Amino acid sequence: MKALRFYAPGDVRLEDVPEPVCGPDEVKIKVKNCSTCGTDVKIRNNGHVNITRVTTMGHEVAGEVVEVGADALGGFAVGDRVQVIAAVPCGDCHECNKGWMEVCANQTSVGYQYDGGFAEYMIVPKEVLKVDGLNRIPDGVGYDEASAAEPFACAINAQEQLGIEEGDFVVVFGAGPIGCMHIRIARGVHKAGTIVLVDINAERLAMSAEAVHPDLTIDASSVNVVEEVMRLTDGRGADVIITATPANINQEQAINMAARNGRISFFGGLPKTNPMIECDSNLVHYRQLHIHGANGSAPAHHKRALEYISTGQIPVKDLITRHVPLENVLDAFDIVAKGEAIKVTVEP
């Protein structure tokens, strides 16, 4: 079968490999969609500390069950339509026992320690099945939509921490697919008030704004974002700010534009070579700010994402603006890197 294999930073190859064999405690799926994200591009360029061998990439996976091991958990059957979690908690550590599976101390990942979904077939390992991480796709939800449940689940996790209230003034940094999903969740689930989308790429900002209709957009390449948000809120600041970017400056701007009792999500991780920001601690102290990290998702967030998609409460179909065959998977990475689409999905 064809699979996209990571060998080393800058050395990623689409090649023929043996079709995987399903073990007694595993499930084998035929991949229907594996969507791409900025993390895939970073892995292609720089590798990842958790990828220590030649590995099939891809972690936003949906497909059809073609084989079920005799001892596999979950009661799956051939023909089931399924979606796979990406971050795999152990289910046994202190964090998992506290219900904090998204920050499991022993977390492993599909496409890292386990071969992923940029392939014709994929094995769902026992570790995924143990934590109820293989989800049946609801009727009426396409495989492409289901593959987008993984990033959607990460956004749900972040917003659960923020306590967004009806009418809140919300700023989202980053007009990529995650930024778009954050807007839809803030509006569709939490009934936020004014929502502002910010980006430095005017074309991407316009493309995403046309899809998810924020109330306002700010082109940060030409406008002082903090001053503009303060102007828009009569000097009060934003109630909620989500930095869905890997940019230090956006985290600093978030602190400076936050209203009293403001909630901030540092959703996007910073480069490991430059992870520090300047923080005016007195702003945090006197404005009583709440700064939250957001790390991936738990299996339960995936189920919630699929439910939101299936009910139509949070549509994602229109955010998938490019469908690319597996033969052209590296082109999909380039599209993501250049910001030429909202969401790109690969179809074996």
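Scroll up to find the structure.
Residues numbered from 1 in each chain as written. Predicted model: local features only at pLDDT ≥ 70, side-chain atom pairs only at ≥ 80, totals over all residues. Heavy atoms only, no water.

1. Focus: helix α5 (residues 149-160)
Inference 1: Between its first and last C-alpha, α5 extends 16 Å over twelve residues, near the 16 Å set by a 1.5 Å rise per residue.
Inference 2: Across the twelve residues that make up α5, a large majority, eleven, are buried.
Inference 3: For α5, the full list of buried residues reads A149, E150, P151, F152, A153, C154, A155, I156, N157, A158 and Q159. (Helix = DSSP H or I, 4+ residues; strand = E, 2+ residues; numbered from the N terminus. Expected span 1.5 Å × (residues − 1). Buried < 20%, exposed > 50% of the residue type's maximum accessible area, 1.4 Å probe, protein only.)

2. A look at the pattern of salt bridges
Inference 1: Scanning all chains against the criterion turns up 19 salt bridges.
Inference 2: Taking the shortest distance from any N to any O, the salt bridge between D215 and R187 comes out at 3.5 Å. Of the two residues, D215 sits in the loop between α7 (202-212) and β13 (216-219) while R187 sits in helix α6 (residues 177-188), which places them 28 residues apart along the sequence.
Inference 3: Note on D215: relative accessible area 44%, which makes it partly exposed.
Inference 4: Using a relative accessible area of 30% as the deciding quantity, one classes R187 as partly exposed.
Inference 5: Across the pair R204 and D199 runs a salt bridge, and its minimum N-O distance is 3.1 Å.
Inference 6: The exposure class of R204 is partly exposed, given its relative accessible area of 24%.
Inference 7: Within this structure, R5, R53 and D115 form a network of salt bridges that share partners. (Salt bridge = Lys/Arg side-chain N within 4 Å of Asp/Glu carboxyl O.)

3. Some words on the side chain of N157
Inference 1: Assignment of secondary structure puts N157 in helix α5.
Inference 2: Within the structure, N157 has its side chain in polar contact with the backbone oxygen of G296 (distance 2.9 Å).
Inference 3: Filtering out sequence-adjacent residues up to four positions away, N157 remains in contact with E102, N295, G296, S297 and H301. (Polar contact = N/O pair within 3.5 Å; in protein donor to acceptor, adjacent residues only side chain to side chain. Contact = heavy atoms within 4.5 Å.)

4. Focus: the pairing of strand β14 (residues 238-243)
Inference 1: With six of six residues buried, β14 lies mostly within the body of the structure.
Inference 2: Across four bridges, strand β11 (residues 170-173) lies against β14 in parallel orientation. Across the sheet, the residue bridging to V171 is I241, located in β14.
Inference 3: Here β14 runs beside strand β15 (residues 258-266); their pairing, made up of four bridges, is parallel. Note on β15: the bridge partner recorded for A238 is A258. (Pairing = 2+ DSSP bridges.)

5. Section: the state of the cysteines
Inference 1: As enumerated under the stated definition, the model contains zero disulfides in all.
Inference 2: Distance from the sulfur of C34, which forms no disulfide, to the nearest cysteine sulfur (C37) is 9.3 Å.
Inference 3: Among the residues examined, C34 registers a relative accessible area of 0% and is labelled buried.
Inference 4: Free cysteine: C93, not disulfide-bonded; nearest cysteine sulfur from C96 at 3.7 Å.
Inference 5: Using a relative accessible area of 12% as the deciding quantity, one classes C93 as buried. (Disulfide = S-S within 2.5 Å.)

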